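Descriptive analysis of the structure
Given next are the chains, with one letter for each unit.
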Amino acid sequence: SSPEKDRWTELVAGLNGAAPSLMGDTLVSTAAIVYIGPFTKTYRDKLWHSWIDICQKKEISVSKKDYITLLSAPIEVQEYYTQGLPRDHFSTENAVLLRNCHRWPLLIDPQGQGKQWLLGLEQENLAVIPYGSVHMLTDIENAIRLGTSVMLEGVPDYIDATLYPILNRRQCEQTGVVSIVDIDIEYNKDFRLYLSTSLSNPEYPPEDCIKLTIINFTVTFTGLQEQLLSRVVKMERPWLEQQKDSLLKQLFEDNRKLRELEDDILTTLSSVQTDILDDQDLVNTLDKCKKTAREIQSRVTESEQMQNKIESTRKKYLPVATRGAIIYFIISDLTLLNCMYNFSLETFMSVFKTTVFSLGNSYLAPDQEDVVLEFNFNTANRDRQLDFKVDKHVATLVDHITMNLHKQVVCSLYSRHHLVYSVLVCVQVLRNSSVITDNEWDVFLHGGTLKLMSKSSDFVPVMEEDIIPQPFHKTAGTSGVTYQAKRMNRVKSKRILGKPTWLTTTQWEATNMLENTVTAFQGLSKNMIDKPEFWQAMLASDNPYYMFEQQARSRSSSIGSLKSFRTDSALEQISEDSEQDPHSLSASQITETRPSWKWSTLTSFQKLMLIKILRMDALTESSSTFVSLTLGERYIGSHEQSLNNIYKTSKPQNPILFILSPGVDPTTKLQRLLKDLNENVDMLEMLSLGRGQGPRIEEILRTAMQRGKWVFLQNCHLGHSWLQNLQKVIHSMQTEQLHADFRLWLSSMPDDKIPGPVIQRSLKVAMEQPRGVKANLHQAFISGVISPGMYSDQDAGPDFRKLVYNLCLFNSVILERKKYGSLGWNISYEFTNSDLEACIQVLHQLMSEYVTVPWEALLQLAGTVMYGGRVTDKWDQRALSAILSKFFNREAIQPGHRFTVSESYQMPEDLSIEETLSYISSLPNYDNPELFGMHQNADRTYNEHTSKELVNYLHVFQPSHQLDQGYRLEYKTQIVTTLHRGYSSMSGYSNKDNIVMEFLIHIHKTLPQKIVGPPFMDVIPDMIHNALTGSERPPSVLIEKGYLKPKITETRHCTPMENVVRHEVRQFNRLLEVIHMSLKTLALCLQGDEAMNEGVDVMYQNILDNKLPAAWRDNSTADTKPLSHWIDLLANRITFMQYWIDLNIEGTVSNHLFGVEYSELVKEREKDEEISFQDVMKMSSAYQKPIKVGVEKLPRSFWLNALFFPQGLLTGVLQTYSRKHGIPIDSLNFKHHVAPLPSRREEEDRHRAQSAGLTPAMWAFPGAEAPENGILIHGLYLDGGRWDGGNVVEALPSKQVTPLPEIHFLPQQVDNTPKPGVYECPIYRTSERCGTLDQTGHSDNFVTSILMPTEHPPQHWVTRGLAIICQTVD
């Protein structure tokens, strides 16, 4: 048989084989056209395969082809490529869907690649119209009449209703008429409409989605990688890319020609009336087709061989394309951090091409070019030399592209985001090379959530059961403590043995989580117990990452070699803490099946994972070290570019956008740039956007474009209404002939209403306040705030310059104090240069009028009016005044006065501008906390805050990386959801769904449905309460039915403590209702029984990120804990309230419920949990005893953090004392007694109790009775100092927060006598300290303040930021 016959036979066989699956293929292809367009490549594949599986289960025959093959011919796809379509599979799918859809397509096209392809597809027939333009409808009407194509560009997340008639494509084609704004227009069937949006993740309503075919044209990694590879090869070896393109074009033409011949043959055969051998034309056509097929087959064979050789050479440049694609997708995600970090693909390509072009291809000699062109690799030596040169050049390309993009991007970012970008680049590069696994990256980000999951893994640390120690279950007669002691005596908890005393519980839990989830950390906990010296040194080290590097190089480091990493104070602390926990096991008692620790196996990122869980304060510095070791030291730092360099690299077509921060004005820098360029100041036109300014601005812009002037549009975020016009102006600048000197400068605060194209086309420059006291002090003297004439005025007296210098130093201190977070200021205030300028002017006026320095007036005006006017928190006002008094006093203006003990900051001898600037330049770059009045621990707190901020920023990028692919824990399939009836097992869920569902189960099991008080309070609490208090008669219907036969012999009002309990129970039950309702909704959504809405989706992501959902936070108290710890804390708070209620139920034997004794009622309920309210009431008819119900028993000590409204408790205590002693409550306040420090034996008992599971909630009940007057408060912490048993003293190194003993709040009559040697210490719920006012006018964070004895002046602790907090961050 001839080859041509074989080819036709094979073609016919293929058609016959596809016939049985025609119906099934049509079904799934139609589904793909209608539904699959908006989704990503991964989800499209899942949907397609799921449809194929469904058809097979239903016995519907389908082929194994994809929908590209089913809906298009290879020749059509090749034609798409020649029209400019990217050659990746995802773009090909999009083109096929667009060409086959029967509704007008809406392209999600943030990079504009779909638009470029459509321009190549439609050629001159396509008109691009900006959505919302004035002539939009008119242009569409003309296109409908003429039958041309229209593309609406920049569609927002909604479709205007005036376009609905046009979107109804089928009706328009059937009727031949379309009505637009009540005007009937004849419809030309050649009309084509395309819509595109630059939004990366738009949310269109259902009524819009059903009118359109939404197609996701977002660039993919593979597609961008192929584009970059083509570009770099075209620039490096243009002859190679030309051959590749010519081969593809030749193959396309051959296939097109063969297709035409086949169509001619089939057409002739279908119409021939005689014997086909008598039709000479048909015979000639068959012969021509045969020859053509033979020639094509020959060329295809040669082309394939040449194509393979071309591809092998192109792959040498693949690392360049891969690195570029990695960086682009990181850059495109930067908008998740700030809406102003919007970079276009065009800008990225420009930097990429410029870098490749600048390096050139000089490494290739001319003869080597010929060798490559002709593919004549006969000399192995030449081959190797060329490969070496190419590899070296590729490495250089990768390095330069990474660095140039880094400079371009970092210039546009705020400084707090610089390291975030560098870490992301570093991590993604290592993930792409499989050095960092998906599992490690997910554990690094989701450690808090995965902690719960690790409990279900195969590896379980050694555990034992323990009971509450003996001192806590001693009885106290017949009081309620007996019941509570017995109840707590039954509590048993499993605890991990061997926990070192020098590790916190959080650190130890995280260590075990890491050991359970990452194979490389097997044996970590055992090593910590075996080698405590190293780990203690690591906790005290200034650079723990370097210690890990050293340990990896020398696995047998001696203890002496580690001492070089410790400070003396740290060594003393280690020696104090080195004593082994008496309740922990020795190393020999730990299970020997654990593998030994191997430092050499840890990667650089795994060391970073360790530092995150053990030394969060060192994570930022360690991340910098990690980036330096991976990419190089050049990627650490700001890489700030001068405005002059930015101007030189800019082009007239692209605006320069200043991204502002509060208190920053770039006008001075812009004017200074003009001066440096020897340009006239009149060359700059500065305009502020406002009402009616639009036409004037456009006229000025047109003039400036022609004459080469500069235009500065200030505060664009204040002119939303004109920004669309600005977008059109910038768009026109791309095509118009502009003067070479013309520049458009813009400034704006971050604002998501600024059009994306405006930001994308602009060269962005982030403007911030200087960082550091030295930089701020220097800025104050050169920014123009200090007038030279005023500064040299002799009438102001000799002390004026000294006061100006001190005022500038004070200004720098309060600005930089913000970096310490709540230790610096409760609220972050935006002090500006205008505050400093106003103060200097007032200072000059006062010094000119007074002979001596008016200290009181200066302190009052500066501290209360100028700067104090911005301060809204009274404790911040106190701190501001204390800091100002440090710089505004007689000693502070003496020559040589030292502002710090270290003598780094002094009063300069010569205060001329030149000498002052010279002195400022000699100041240290590091800001000693002493200058701010802070303890050295403040630096560690600041570092910890910045590290947590870094992790939170990295969290933002997590949705782009699938947790499903990385999480490797094996789940117990027998776990079944028990939230509500009907839920199925989790075995069918994805890994992310498994994590969330198991966490929901944990929450459901941990938290009760509600706080259970006495049974009647659960049913009709208000009605029964009214009956008990005598405010209303009992409901007659209950009496008539025989349920109630009370004899109310005592009427009274609720006690203050009863009101406290009722309010707290109501708040807790409201929160629990919200939690359980949202758990039910989310579980139903995961089950597929309800649709996932935006709120549920956010909650789902919050659980994965270990963050508190907004609905829970809104109904809860101020809290800073992650979700997993917040759940444990809430459970403890509920336990406290339940114990308090149970204390009165069981302990007060004289209380009766309409004749039923509480003790008997409890016994009945223990027998039958289903006992109903009616049954209780029936039992009550047998008793006719007096009623006496109330909250008589109080906890021995109160846990303040357990309450929603602790101020109510303190008020209740004062009310109780007022009623008891007949003293007006307005004349009462509290006297505070802090208990002495516990003995070592008591500390051991406490530690043992906590290890056994005694929580702060339980701690309130065991022991002696509550005090007769006042209350005891426990569970408080001192932030910024410590209690030595009699006074507040300085904190120990690395011990910023220390626990406080119990405090006795004793009511007393108000005594306004000043008390020396005491510090008024505020109490806050959390370490954030900042709060919002609730409906009662109280802050949801500030509780009260207490007087604490101290040997230091009170101002010392004010500047320290000393406060009491109710909970720690961990």
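Residues numbered from 1 in each chain as written. Predicted model: local features only at pLDDT ≥ 70, side-chain atom pairs only at ≥ 80, totals over all residues. Heavy atoms only, no water.

**Some thoughts on the packing of helix α15 (residues 318-332) against helix α19 (residues 418-432)**
Quick reminder of the rule: Axes here mean lines fitted to C-alpha atoms, for a helix over just the part in contact, with angles spanning 0 to 180 degrees between N-to-C directions. Helical segments are the DSSP runs of H or I of at least four residues, strand segments are the runs of E of at least two, and each set is numbered from the N terminus. Any angle that is under 35 degrees is reported as roughly parallel, and any over 145 degrees as roughly antiparallel; angles of 65 to 115 degrees are reported as roughly perpendicular and all others as oblique. Helix crossings fall into two classes, left-handed where the near helix is turned counterclockwise from the far one by less than a right angle and right-handed where it is turned clockwise. Contact between two residues is taken to exist if any of their heavy atoms lie within 4.5 Å; hydrogens are not considered.
The contact between α15 and α19 brings their axes to 10 Å, and the two run at 135°. Classified by the angle their axes make, α15 and α19 are oblique. Handedness of the α15/α19 crossing: right-handed. When α15 is examined against α19, the residues T322, R323, I326, I327, I330 and I331 are found in contact with a partner set consisting of Y421, L424, V425, Q428, V429 and N432.

**As for a negative patch on the surface**
Spelled out, the test is: In this analysis, a patch consists of residues with relative accessible area above 30% that form no salt bridge, clustered at 9 Å for like charges and at 5 Å for the nonpolar side chains Val, Leu, Ile, Met, Phe, Trp and Tyr. Using a 1.4 Å probe, the Shrake-Rupley method yields the accessible areas, and only the shown protein chains count as cover for residues. In what follows, salt bridge is the name for a side-chain nitrogen of Lys or Arg lying within 4 Å of a carboxyl oxygen of Asp or Glu. Residues scored as positive are Lys and Arg, those scored as negative are Asp and Glu, and His as well as the terminal groups of each chain are ignored. One atom stands in for each charge, and that atom is NZ of Lys, CZ of Arg, CG of Asp or CD of Glu.
Together, D157, E203, E1094 and D1097 give the surface a local cluster of negative charge. Along the chain, D157 falls in the loop between β3 (149-153) and α9 (164-167).

**A short note on unusual backbone geometry**
Unusually for a residue other than glycine, N715 sits at a positive phi of about 55°. Looking at the secondary structure, you find N715 in the loop between β12 (710-714) and α33 (723-733). Of note in this structure, R1329 is not a glycine but carries a positive phi near 70°. Looking at the secondary structure, you find R1329 in the loop between β25 (1318-1324) and β26 (1342-1349).

**Points about the sheet that holds strand β24 (residues 1303-1309)**
Quick note on the threshold: Pairs of strands are assigned from DSSP output, requiring at least two bridges between the strands.
Spatially, four strands are ordered β17-β19-β24-β18 in an open sheet, and the strand pairing comes out mixed. Because the sheet does not close on itself, it has two edges, and the strands there are β17 (1198-1199) and β18 (1228-1234). Here strand β19 (residues 1271-1274) pairs with β24 via three bridges, running antiparallel. From the neighbouring strand, I1271 faces β24, where its bridge partner is F1305. Against the sheet, helix α54 (residues 1206-1221) contacts β17, β18, β19 and β24, and its axis sits at roughly 110° relative to β18.

**Some points on the pairing of β24**
Sheet topology places β18 next to β24; seven bridges connect them, and they run antiparallel. Its bridge partner lying in β24, H1232 is registered against F1305.

**Some remarks on the confidence of the model for the chain**
Inclusion rule: pLDDT is defined as a per-residue confidence score from the predictor, taking values between 0 and 100.
Averaged over every residue, the pLDDT of the chain is 79; residues scoring 70 or more account for 80%. The lowest-confidence element of the chain is strand β8 (residues 463-467), averaging 33 in pLDDT; the highest-confidence one is strand β27 (residues 1363-1365), averaging 95. In this model residues 452-497 is a low-confidence stretch, pLDDT under 50, and it forms 109 contacts with partners more than four residues away in sequence or in other chains.

**Topic: the pattern of salt bridges**
If you walk through the whole model with that rule in mind, you get 25 salt bridges. In this structure, D438 and R431 form a salt bridge, with 2.6 Å as the shortest nitrogen-oxygen distance. One network of salt bridges, with partners in common, ties together K41, R44, D45 and E93.

**So, helix α16 (residues 345-359)**
Where we set the bar: Here the expected span of a helix is defined as 1.5 Å times the quantity of residues minus one. The classification of residues rests on relative accessible area computed with a 1.4 Å probe and restricted to protein chains. Under 20% of the type maximum is buried, over 50% is exposed, and intermediate values are partly exposed. This arc describes the spread of directions from the helix axis toward the C-beta atoms.
If you check α16, its first and last C-alpha atoms are 22 Å apart, about what 15 residues at 1.5 Å a residue would give, namely 21 Å. Of the residues making up α16, those classed as buried are L345, F348, M349, V351, F352, T355 and V356. Buried residues of α16, viewed axially, fall in a sector of 165°; they line one side. Residues of α16 that are exposed and angled more than 90 degrees away from the buried face: E346, T354, F357 and S358. Positive backbone phi, at 70°, marks G360, one or two positions downstream of α16.

**Some thoughts on the sheet that holds β26**
Ordered by their spatial adjacency, five strands build an open sheet running β23-β20-β27-β25-β26, and the pairing between neighbours is mixed. What marks the edges here is a single partner per strand, and that holds for β23 (1297-1299) and β26. Within the sheet, the average angular offset between the axes of one strand and its neighbour, ignoring direction, is 30°. In the sheet, strand β20 (residues 1277-1279) pairs with β27 via three bridges, with the strands oriented antiparallel. Within the sheet, the bridge partner assigned to Y1277 lies in β27 and is I1365.

**Section: the packing of aromatic side chains**
Two descriptors summarise a pair of aromatic rings, namely the distance from one centre to the other and the angle between the planes of the rings. Keep this limit in mind: Aromatic pairing here means that ring centres of Phe, Tyr or Trp (its six-membered ring) are within 6.5 Å. Orientation follows from the plane angle: under 30 degrees is stacked, over 60 is edge-to-face, and everything else is tilted.
Taken as a whole and judged by the stated rule, the model has 40 aromatic pairs. An angle of 50° between the planes, with centres 5.2 Å apart, marks the rings of Y647 and W710 as tilted. With a gap of 63 residues between them, Y647 in helix α30 (residues 643-649) and W710 in strand β12 connect regions that are remote in the sequence. The class of Y647 is buried, set by a relative accessible area of 14%. Assessed through its relative accessible area of 0%, W710 is described here as buried.

**Comments concerning the environment of G797**
Topologically, G797 is positioned in the loop between α36 (788-791) and α37 (800-816). Since its relative accessible area comes to 28%, G797 is described here as partly exposed. Separated by 47 residues in the primary sequence, G797 and H844 place their C-alpha atoms 9.3 Å from one another.

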